[in-house]
Amino acid sequence: MLAVVLRWGFNDASHFSRLFKHRFGICPREFAAGAHDGTYAAAGDAGDVCGLS
């Protein structure tokens, strides 16, 4: 994931993860594992940062 984070101009994987979860309602790690179902409704609260601090 770090390569994606850096490629898109983020310097911090935690920040990227929070924004991703806020926008898509799923952690990048879960998305990569195939947990997504094709619906990308934005979640209201980023909450957990998917195991990143």
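Look up: the structure comes first, before these words.
Residues numbered from 1 in each chain as written. Predicted model: local features only at pLDDT ≥ 70, side-chain atom pairs only at ≥ 80, totals over all residues. Heavy atoms only, no water.

### Re helix α2 (residues 13–24)
Point 1. When the terminal C-alpha atoms of α2 are compared, their 16 Å separation across 12 residues agrees well with the 16 Å that a helix rising 1.5 Å per residue should span.
Point 2. Among all positions of α2, only S14, F16, S17, F20 and K21 are buried. End-on view of α2: buried residues confined to an arc of 160°, all on one side of the axis.
Point 3. Where the residues of α2 are buried, they touch α1 (2–7) and α3 (28–32).
Point 4. Where α2 begins, the side chain of D12 points an oxygen toward the backbone nitrogen of S14, at a separation of 3.1 Å. (Helix = DSSP H or I, 4+ residues; strand = E, 2+ residues; numbered from the N terminus. Expected span 1.5 Å × (residues − 1). Buried < 20%, exposed > 50% of the residue type's maximum accessible area, 1.4 Å probe, protein only. Arc of directions from axis to C-beta. Contact = heavy atoms within 4.5 Å. Polar contact = N/O pair within 3.5 Å; in protein donor to acceptor, adjacent residues only side chain to side chain.)

### Digging into the environment of D12
Point 1. Following the sequence through the fold, D12 ends up in the loop between α1 and α2.
Point 2. By relative accessible area, D12 is classed as partly exposed at 37%.
Point 3. As a C-alpha pair, D12 and L2 span 10 residues in sequence and 8.6 Å in three-dimensional space.

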